[in-house]
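Coordinates in review
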Amino acid sequence: MTSDEVDNPTPTVEQLVAIEACREASRRYSYGVDRLDAVVMKSAYWPDGTDDHGVFVGNAWEFCDRVVETHDRWAWTMHTTSNHRVEIDPDGEHARGEALTVAHLCHRDEPKLSTFYGRYLDIYERRHGEWRILHRVCVHHGSTVDATPNTMPIPVEQFRQGSFDRPSSNRPIGP
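What this report covers is the structure whose coordinates are included nearby. (Residues numbered from 1 in each chain as written. Predicted model: local features only at pLDDT ≥ 70, side-chain atom pairs only at ≥ 80, totals over all residues. Heavy atoms only, no water.)

1. What to know about the layout of surface pockets
Sizing a probe to match a water molecule and rolling it over the atoms shows the empty space that remains. Cut-off, in case you're wondering: A pocket here means an open set of points on a 1 Å grid, computed over the protein atoms alone, that has protein on both sides within 12 Å along at least five of seven lines. A cavity is instead a set of points where a 1.4 Å probe fits but cannot get out; residues with an atom within 4 Å of a point line either one. Grid points are joined across faces, edges and corners, and a volume is the space filled by probe spheres set on the points. What counts as a helix is a DSSP run of H or I of at least four residues, what counts as a strand is a run of E of at least two, and both are numbered from the N terminus. Throughout this entry, Asp, Glu, Lys and Arg are counted as charged residues, while Ala, Val, Leu, Ile, Met, Phe, Trp, Tyr, Cys and Pro are counted as nonpolar. The remaining residues, Gly among them, count as polar.
Roughly 510 Å³ of internal volume is contained in the largest pocket. The wall of the largest pocket is formed by 24 residues, among which H53, V55, H71, L105 and F116 lie closest to the centre. Within the residue set of the lining of the largest pocket, elements represented by two or more residues are α4 (60–71), β3 (74–88), β4 (94–107), β5 (112–127) and β6 (130–147). When grouped by side-chain class, the residues that make up the lining of the largest pocket number 11 nonpolar, 11 polar and 2 charged.

As structure tokens, then:
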């Protein structure tokens with residue numbers, strides 16, 4: 001934070017709009033991963049953006065294509081973010097963000113659930129009024145693989161199942 005932000009930590013309306021636009025870019029990434037929708041994932045990043053996800057370090061759009069291919073092995077995934085802090089740089093065109101992330105990945109062929117715990121460290125950039133991720137680093141804090149417990153004592157088979165909306169085929173949000 002700058003010294004001005006320490007003296008007055010309440011963001012301005014313009015800053016709040018920018019912060020929300022950055023968070024929305026990050027949400028598009030998570031939504032796109034879970035729906036196996038590379039188009040939506042790519043809309044979170046600038047075409048020249050980069051992503052460092054440990055197993056892949058390089059162009060973010062290439063990373064999106066890779067994720068769609070590799071995540072098809074899961075019956076469903078659920079990427080969540082929380083405590084998403086965004087600070088707008090003094091130039092008003094760049095921002096830095098940090099969000100906690102938990103990703104649940106349900107194994108397709110066995111009753112197991114893998115869970116990833118980490119953080120996304122982002123640099124956002126505004127171009128022509130639009131905010132997207134310019135650079136992302138995924139930090140790993142821990143992970144688990146657990147046998148899935150018995151289901152809830154309700155007729156869960158009557159619900160749409162986790163693979164119902166995967167891939168999304170670029171459909172609108174909602175049913």
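2. Points about unusual backbone geometry
Convention followed: In this scheme, a residue with accessible area under 20% of its type's maximum is buried, one over 50% is exposed, and one in between is partly exposed, where area comes from a 1.4 Å probe on protein chains only.
Despite not being glycine, L36 has its phi angle at roughly 50°, a positive value. Mapped onto the elements of the fold, L36 is located in the loop between α2 (13–34) and α3 (38–42). For L36, a relative accessible area of 10% gives the class buried.

3. Remarks on the sheet that holds β3
Formally: Strands were regarded as paired on the criterion that DSSP finds at least two bridges between them. Inter-axis angles, ranging from 0 to 180 degrees, are taken between N-to-C directions of lines fitted to C-alpha atoms, where helices are fitted over the stretch in contact. We call two residues contacting when some pair of their heavy atoms lies within 4.5 Å.
Judged by pairing direction, the sheet is mixed, and its 6 strands sit side by side in the order β2-β1-β6-β5-β4-β3 without closing on themselves. Each edge of the open sheet is held by one strand with a lone partner, namely β2 (57–59) and β3. For this sheet, the mean angle separating the axes of adjacent strands, direction not counted, is 20°. For strand β1 (residues 45–52) and β6, the ladder comprises 4 bridges, and the chain directions are parallel. Bridge pairing in β6 links T50 to H135. Here α4 sits on the sheet and contacts β1, β2, β3, β4 and β6; the angle it forms with β1, its principal contact strand, is near 65°.

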